[in-house]
Amino acid sequence: MVKISERIAALRWEDVLASLWGSGYGRLGTLLTAEECGDLSALYGQPELFRSRIDMARYRFGRGEYQYFAWPLPALVGELRAGLYRHLAPAANEWMAALGFDQTFPASQDGFQRKCAASGQTRPTPLLLRYRAGDFNCLHQDLYGEVVFPFQVVFGLSKPREDYDGGEFLLVEQQPRAQSAGHALLLERGEGVVITTRYRPVRGKKGFYRTNVRHGVSPVRAGERYTLGIVFHDAA
Ligand SMILES: [Fe+2]
């Protein structure tokens, strides 16, 4: 199997970034094999790999649960995080400039991790989510401190229509002085999608303006749906 860093390098980044700028998300296509998806989903049952488990209903985040990985991240998760970061960092810098934020990101995930640590953000944020019939995730943003990387990546690990029904990935964009617009994406098994973490710069008549983007998951109607979330900033 081709190394994950090589698979990431072979993605059509130009198209991904164009879609990110145009719609606030960019589909990476199928990056993970069915076997890798099965292996990642199976990690869910190994509590020693995680630092915390969240029952979404308890916090009124939705219904279902997820777990944040502990250090050290499983090899594949760490490789995905570092490999994707490297390709997204230059776009993140342009994104922040367009949003009017005076913030830049180092070229590597290691460098960014040090920046998070300097801000007191040292706990890992990649996570596995498990949804069963009736589960859903309310619209939200994954912010864990002052340092925020403007993109994150979600991977579908289960096969839609076969392993589960429903469970569309949702993105809702609040536009200034207008009603909100939504996207619903059905993630194929192994497919990744890059989304904006918080804001999207939209080109207007007088430069860029900001929209606020939240994401969530529509109710799973049947079966079981696993996803892997790669958040790049660590948590306080
Ligand atoms: Fe999230």
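A brief look at the structure comes next. Just so we're clear, the structure is a prediction, and the values are computed from it rather than from any experiment.

Helix and strand content of the protein: 5 helices and 14 strands. Over its C-alpha trace the protein gives a radius of gyration of 17 Å, about what one expects of a compact globule, namely 18 Å for 236 residues. Summarising its shape, the C-alpha atoms of the protein cover approximately 50 × 40 × 35 Å along the three principal directions. Long-range pairs, those at least 24 residues apart, make up 77% of the contacts in the protein between residues at least 6 apart in sequence. Here the protein displays about 11,100 Å² of accessible surface, and carbon together with sulfur accounts for 49% of that area.

Next up on the list: the packing of aromatic side chains. The tally for this structure, following the rule as stated, stands at 18 aromatic pairs. An aromatic cluster of at least three residues, connected via ring pairs, comprises Trp21, Tyr85, Trp95, Phe105, Phe112, Phe149, Phe151, Phe208 and Phe232. In this structure, Arg51 is placed above the aromatic ring of Tyr68, and the distance from its NZ or CZ to the ring centre is 4.5 Å. Note that Arg210 overlies the ring of Tyr199, its terminal NZ or CZ placed 5.5 Å from the centroid.

Alignment of strand β3 (residues 62-63) against strand β6 (residues 136-140), held across 2 bridges, turns out to be antiparallel. Its bridge partner being in β6, Gly62 is matched across the sheet by Asn137.

Let us now look at the coordination of the iron ion. At 2.1 to 2.2 Å from the iron ion lie its protein donor atoms, namely His140 (NE2), Asp142 (OD) and His215 (NE2). Each donor residue of the iron ion lies on the same chain, and together they follow the pattern H-x1-D-x72-H. One end of the pair, His140, is in strand β6; the other, His215, is in strand β13 (residues 207-217), with 75 residues separating them in the sequence. Owing to a relative accessible area of 5%, His215 belongs among the buried residues under this scheme.

The biggest cluster of nonpolar side chains holds 43 residues, and the ones touching the most others in it are Leu80, Phe155 and Leu228. Going through the elements one at a time, α1 (4-9), α2 (13-23), α3 (34-42), α4 (75-99), α5 (109-118), β7 (151-156) and β14 (220-231) are the ones with two or more residues in this core. Here this core gets 12 residues from one element, more than from any other, and that element is α4. Beyond its immediate sequence surroundings of up to four residues, Leu228 is in contact with Leu40, Phe69, Val77, Leu80, Leu127, Leu128, Val153, Val154, Phe155 and Leu157. Counting residues in each nonpolar core, the second largest holds 22 residues, with Tyr68, Leu127, Phe169 and Val193 among its members.

Within the structure shown, the criterion is met by 11 salt bridges. Note that Asp15 is salt-bridged to Arg12, the shortest N-O span being 2.8 Å. Judged by relative accessible area, which is 62%, Arg12 ranks as exposed. Across the salt bridge formed by Arg63 and Asp135, the nearest N and O atoms sit 2.9 Å from each other. Of the two residues, Arg63 sits in strand β3 while Asp135 sits in the loop between β5 (127-132) and β6, which places them 72 residues apart along the sequence. Residue Arg63 is classed as partly exposed on the basis of its relative accessible area of 41%. Through salt bridges that share partners, Arg53, Glu65 and Arg130 make up one connected network.

This brings us to unusual backbone geometry. Cis geometry marks the peptide bond from Trp71 to Pro72, where omega comes out at -15 degrees. For Pro72, the location among the structural elements is in the loop between β4 (65-69) and α4. Non-glycine residue Arg60 carries a positive phi angle of around 60 degrees. Turning to its location among the elements, Arg60 is positioned in the loop between β2 (50-55) and β3.

Moving on to the environment of Ile54. Here Ile54 lies in strand β2. Expressed as a C-alpha distance, the spacing of Ile54 and Leu129, which sit 75 residues apart in the sequence, is 9.4 Å. If near-sequence neighbours (up to four positions away) are discounted, Ile54 is found in contact with Tyr59, Phe61, Gly64, Glu65, Tyr66 and Tyr68.

Thresholds applied
Per-chain numbering applies: the sequence of each chain, read as written, is numbered from 1 onward. Totals for whole chains, interfaces and linings use every residue, but because this is a predicted model, local features are given only for residues with pLDDT of at least 70 and side-chain atom pairs only at 80 or more, for both listing and counting. Hydrogens are left out, water is left out, and the side-chain values use all remaining heavy atoms of the structure. Helix and strand definitions follow DSSP, with helices as H or I runs of at least four residues and strands as E runs of at least two, each counted in order from the N terminus. Taken over C-alpha atoms, the radius of gyration is set against a globule rule of 2.2 Å times the number of residues to the power 0.38. By the convention used here, residues are in contact when the closest approach between their heavy atoms is within 4.5 Å. To be clear on the numbers: accessible area is Shrake-Rupley with a 1.4 Å probe, and residue cover counts the displayed protein chains and nothing else. Stacked, tilted and edge-to-face are the three classes applied to pairs of Phe, Tyr and Trp rings, where Trp contributes its six-membered ring and a pair requires centres within 6.5 Å; stacked means planes under 30 degrees apart, edge-to-face means over 60, and tilted covers the rest. In this scheme, Lys NZ or Arg CZ marks a charge over a ring once it lies within 6 Å of the ring centre and within 35 degrees of the ring normal. For two strands to be treated as a pair, DSSP must find no fewer than two bridges joining them. The donor set comprises N, O and S atoms within 2.8 Å of the metal, extended to 3.2 Å for Na, K and Ca; water molecules are omitted, so apparent gaps in a site may simply reflect that omission. A simple rule labels every residue: compare its accessible area, found with a 1.4 Å probe on the protein chains alone, to the largest value its type can have, and call it buried under 20%, exposed over 50%, or partly exposed in between. Among buried residues, the Ala, Val, Leu, Ile, Met, Phe, Trp, Tyr and Cys ones that are joined through side-chain atoms within 4.5 Å form a nonpolar core. Salt bridge, as used here: a side-chain nitrogen of Lys or Arg that lies within 4 Å of a carboxyl oxygen of Asp or Glu.

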